[in-house]
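# Results of the structural survey
Letter by letter, the chains look like this.
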Amino acid sequence: MSQRWSNLLVWVGTILFVVLVSKAAWAGNEVTASSLLRVLIFALPIAGIYAMSATGLVVVYTTTGIFNFAQGAIGMFFAFLYWQLTAGNQGAWHLPSWIAFPLVVLVLAPLAGVALDRGIMRHLQGQSLVVQLMVTVGLLFAIIGLVNMLWNQDIGRIVNPFFGTSHGWQIHSLFGVIKLNEPILLTWGRIITIISAIVLAIGLRIFLFRTRTGIAMRAVVDNRDLAALTGARAAWLSSFSWALGCSIAALAGILLAPETGGLASGGALTLLVISSFAAAVVGRLRSLPMVYVGALILALAQQYAQSFLQFAGRWTNVKDNALPTIMLFIVLLLLPRAGLQFARVGKAKHPEHVSTVRDTVLGMALLFAVMAVIVQFLHGNNLTAFINGMCIAIVALSLVPLIGWAGQVSLAGLAFAGIGATVYARLGGTHGSPLAILLAGLICMPIGALLAFPALRLQGLYLALMTMAFASLVQFVFFSQPFAIGTDNRTVERLNLFGVHFNSDKSFFLLVVAVFAILAIGVVALRRSAFGRRLIALRDSEAASATVGINILETKLVVFALSAGIAGIAGAFLAMDYQTVSPTGQNFEMLTGLPVVLALVIGGVACVSGALFAGLFSLGLVLIQSNWHLSLWADITSLAPGLAVLSVIQSPSGAVVKIGESFAPYLPWRADARRDAAELKAATAEAEVGELGVERPFTEADVLLVDRALGISNDIPRVPVAGA
Amino acid sequence: MRLRWFAIAVSLVLVAGACGSGKSSSSANNGGGLGGSTAATAGTRPASCSTAKLTSPETGVSPTSITVTVVADVGSPIKPGLFQGSMDAVKAWANYINDNGGLACRNVVVKTADSQLSAQDAQNAIVAACSNSMALVGTTALFFQDTGQLENCKDKAGANTGLPDIAELQTDPTQQCSKLSFAVLPTGSSCPYSGTGPRTFTVGQTQYDYYFKTFPGLKLHGVFTIPKDLPSTIASTMPIFRAENQMGISSDAEFGISGLATQADYTPLVAAIKQHNSNYARNGLDYSGTVLERKEAQAQGVTSVKVWDCSVQCYDKRLITTGGSATENQYVWLNILPMEDGAGANPELANFLKYDKKPDGFGEQAWVAGEAFAQAIKDTMAAHGGDPNSITRANLLTALNGMHSFNAGGMIPMEDFGSHKGSTCLVGLQVQNGKFVRIDPQQPGTFDCDNNKPPVTLTIDPIKEYHG
């Protein structure tokens, strides 16, 4: 279908959707010019809030290429800092705001941005999208943890708006033509927010597109090496970009803090930015003026719904919570189809070691044996944590083929698990039916395949955002449907397999380990199959894949369906673990799913042992917190995902891969690892690569070594290395 | 996590649902009086303890100690320390008990379990408590949605007795209707309840009667704010609002507001107040929702509202510290003595303020939960000839079910604890000059029990009453 027709279809669908929803949910309020003007006036300050939040996102993305989930958290941190500097009570320092404001926005925030760039972000250059995204997710958690450590959350803090709370522009009518029943005050604080958003939109647009520095910043994102060749100082520009991004985040945090009613906790400020994703995408993450338009559309839609529509029962969450997500979904569908990505000269990748099925079977047998021993020493909460950790490992495993091998970034793994849990609860889980587990997987598969269709249009970040929107819709809309969970919790039983009940925690834990092992073996077998190689080809270059005859549609459909199926099965086991499924979708929320992806990235997104690591990582945090009752641990466990980000920077391919590479040469059956280590040793002992072909000729061995270093082929014949 | 954040923001609405049920007290309760009500339970260890051969009759009970667990949402990164006050208060209560002779010739040991705003962690905490504690005391877990683990808990003899739960908060009908769970301040909701469909609610008239007397001739009509993020918060708010309608306070408009709403989101609500010239406004969200509504009302120049109404969820110092002048004249109604009464008003309150170094409203209710446990232990022993080895979970449950007159030494109004029926007696506070000031009744240590008006009983489907 051509772009034009598909867009037309989306537009018609959207209009139909709006009309049908309006008809069904019409509250009966009279539509007059006055009431419409009120909607507009109500929407303006909210649009300002969304625009301000989204502006920082867009600027950082435009100038660094990184979509920063932590943008709201950074703003929250600086709002706390601003409070610390300005407030005259509770141990704060009572500086005048005319000193504190520029100090925070123009000095401290940019300095923090530079530190962030040098410490973390610079190391993300050339890394995969999922690594970049998850590093910012880790940063989000770390900042929340840091704020909790530094500022006692029991104290109510106020950041006052500029020029007070009750002064501003009293609106009585629109040019005297349309009169309001009651005047509405637009406070100076809100006017400043609206104007700041507009000024930022225009100013940054000019800066980024009309100034040499701005163009250079965008050029560095587009092609760092090429920009450097033309004289752009990439490192300096990167630092400047983050300084600018943090400065805008601080400005947004300080301006928006009064709207959140005080800084008792930074949660509201941190999460506000997520609602503004839709506005950012309207501007395609590039156009700041369009971001403001998007913010206005979103705010108008919300206020229209607030003023004229009623949502109750199963649709209760649509009005506020789901609306930004619905808009994000629609906007993403309207984006032009992504062109085929042609390969660039990328950073050399170390060839992946792909385990054989036999090795995996042995490894999984060993895992089961170890767990069978460990479980004998577990009881109570520790045992429960292990069960939960292994269930999470299965969720993470579902993402390995999709993200790790096919390169399709999905943030909806836990959402599919939630659907699986629901299916299990509805179709036999109340008496532990094994068929219900199977159905959980099977029903999730076509839903996953449906998500593959947007994946044909969208790539990279947009696809990730689409899956995030899907996860939010599952959370806010799916769970509360009568055909899903409805209004009350559903209790489920653990598996009853031909009369064998897995009611005890120990037997259930071993069952989950066994299921993980079987699925892991299956996934590895898939990786070593022709389909697995197609997935890798798809990840490396869709264009090349298409050229050699790989059916992109079919491959994506299958991998999305497969991933959703595994996640659905994981969901069934999570339901058995929790023994209840809630209509609020608790435990399956979109934001709860992000740490699962983060843990997988830390472990290694392209290997099944990375999934196991993800499960163990999450259970490790639980064990630390539940077994050591020190207040310090509470803070450390909040900071842990953020601290773990540092390991991602050190080893983007994953901690498990790094550990594996270190230990593999010592394993008797890993002759290949010993050869690799010897080659590496020999290569590093050689003269510098730069001399190759200049002062001394390439040998066949050199060529093969370079090929391997570039990851050109996974099956290059070994070169006998002297001394190996 | 986002949902949990919503839950935090609206959680205390569920406390607001604790609006009393059952019979109203026949006379104004002099909360300070220990005689005639359940007295403070601590005392010096009886002489018989020195001769008694103490055994370990129950899980969590050793010859030297009784272990209880307090399960509370504390360690969530998004809202750290939410119910830390509950944990601290149960520990403080245990110190108070131990300083005064202990219980059943034993010291009280408190284990803490952080449920972290998670159903799973709440379940884990119950599983752990089943194996090491005699009972749960001061439970403050917002996602305590499944009582299966509570009910399947076996006692030391292997019987399916269950784990007694003396809860500070009951958020879910499952917990509210569990025979093992006793709320310090029960909601006025009928049991059993399937979770869907009509339910009968009982709402006291005390605070409304005060308004009618304070503003004679004024026909109250106003704007109601419903916390809309969770079905449980809608379900606990709508009955109160419908009861108010029955009492004569009509709805000008009703708004469903999210716990993540910004102040700007309150502009339409405040515009409705201005449009209808409303003289009454009630916000069902937690204190921060009230702060946002009041600030927006102040900004928009609302002057018509005579009664800004709120329940116990607004009894938070942050209502004043973050609300500032905007929250002046805010009414707040409690079913427990306010800490502002001071140590002189009630000996039990004095003990609480002495032992709890960081007292707060949650802590106060958790302390009352501790006192209910102590009373039940005392009753158990009394029923078994003073035998300190009679304290089993089964006997504790029998004692809890038999506590029909309990007031924690006057810290709460007299209530039928064993029948899960609260009281309609309340204390009215108003924010005046940046402080909570007692306005009804003005005598510290007492409650207004509104003798003349029976509570309103209504049967509604609370979810269907909400129209978004």
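Below is a summary of the structure that appears in this document. (Residues numbered from 1 in each chain as written. Chains lettered and ligands numbered in written order. Predicted model: local features only at pLDDT ≥ 70, side-chain atom pairs only at ≥ 80, totals over all residues. Heavy atoms only, no water.)

### Considering the interface of chain A and chain B
Often, the extent of an interface is quoted as the loss of accessible area upon association of its parts. On the side of chain B, 63 residues touch chain A, which itself brings 67 residues to the contact. Where chain A meets chain B, there are 1 salt bridge. Residue Arg190(A) is joined to Glu296(B) by a salt bridge in which the shortest nitrogen-to-oxygen separation is 2.5 Å. Our count for the contact surface shared by chain A and chain B stands at 6 residue pairs in polar contact (both at pLDDT 80 or more). Within the side of chain A that touches chain B, the residues separate by chemical class into 22 nonpolar, 34 polar and 11 charged. (Contact = heavy atoms within 4.5 Å. Salt bridge = Lys/Arg side-chain N within 4 Å of Asp/Glu carboxyl O. Polar contact = N/O pair within 3.5 Å; in protein donor to acceptor, adjacent residues only side chain to side chain. Nonpolar A, V, L, I, M, F, W, Y, C, P; charged D, E, K, R; others polar.)

### Here's the deal with the pattern of salt bridges
Under the defined criterion, the tally for this structure stands at 15 salt bridges over all chains. In this structure, Arg122(A) engages Asp117(A) in a salt bridge whose closest nitrogen and oxygen atoms are separated by 2.8 Å. Classification of Arg122(A) as partly exposed rests on a relative accessible area of 23%. You can call Asp117(A) buried: its relative accessible area is 0%. Here Arg438(B) makes a salt bridge to Asp341(B), at a shortest N to O gap of 2.6 Å. Taken together, the positions of Arg438(B) in strand β13 (residues 435-440) and Asp341(B) in the loop between β11 (331-334) and α13 (347-355) put the pair 97 residues apart, joining distant regions of the chain. Each member of the pair Arg438(B) and Asp341(B) is classed as buried. (Buried < 20%, exposed > 50% of the residue type's maximum accessible area, 1.4 Å probe, protein only. Helix = DSSP H or I, 4+ residues; strand = E, 2+ residues; numbered from the N terminus.)

### Let's talk about helix α4 (residues 84-99) of chain B
All names here are of chain B. Across its 16 residues, α4 extends 23 Å between first and last C-alpha, which sits within 8% of the 22 Å expected from 1.5 Å per residue. All of the buried residues along α4 are Gly85, Ser86, Met87, Ala89, Val90, Ala92, Trp93, Ala94, Tyr96 and Ile97. Tucked into the core, α4 has its buried residues touching β1 (65-72), β2 (107-114), β3 (135-139), α13 and α14 (361-383). Phi turns positive, to about 105°, at glycine 101, one or two residues after α4. (Expected span 1.5 Å × (residues − 1).)

### Let's talk about the side chain of Ser65(B)
Take Ser65(B): it is sitting in strand β1. The residues contacting Ser65(B), other than those within four sequence positions of it, are Gly60(B), Arg106(B), Asn107(B) and Val109(B).

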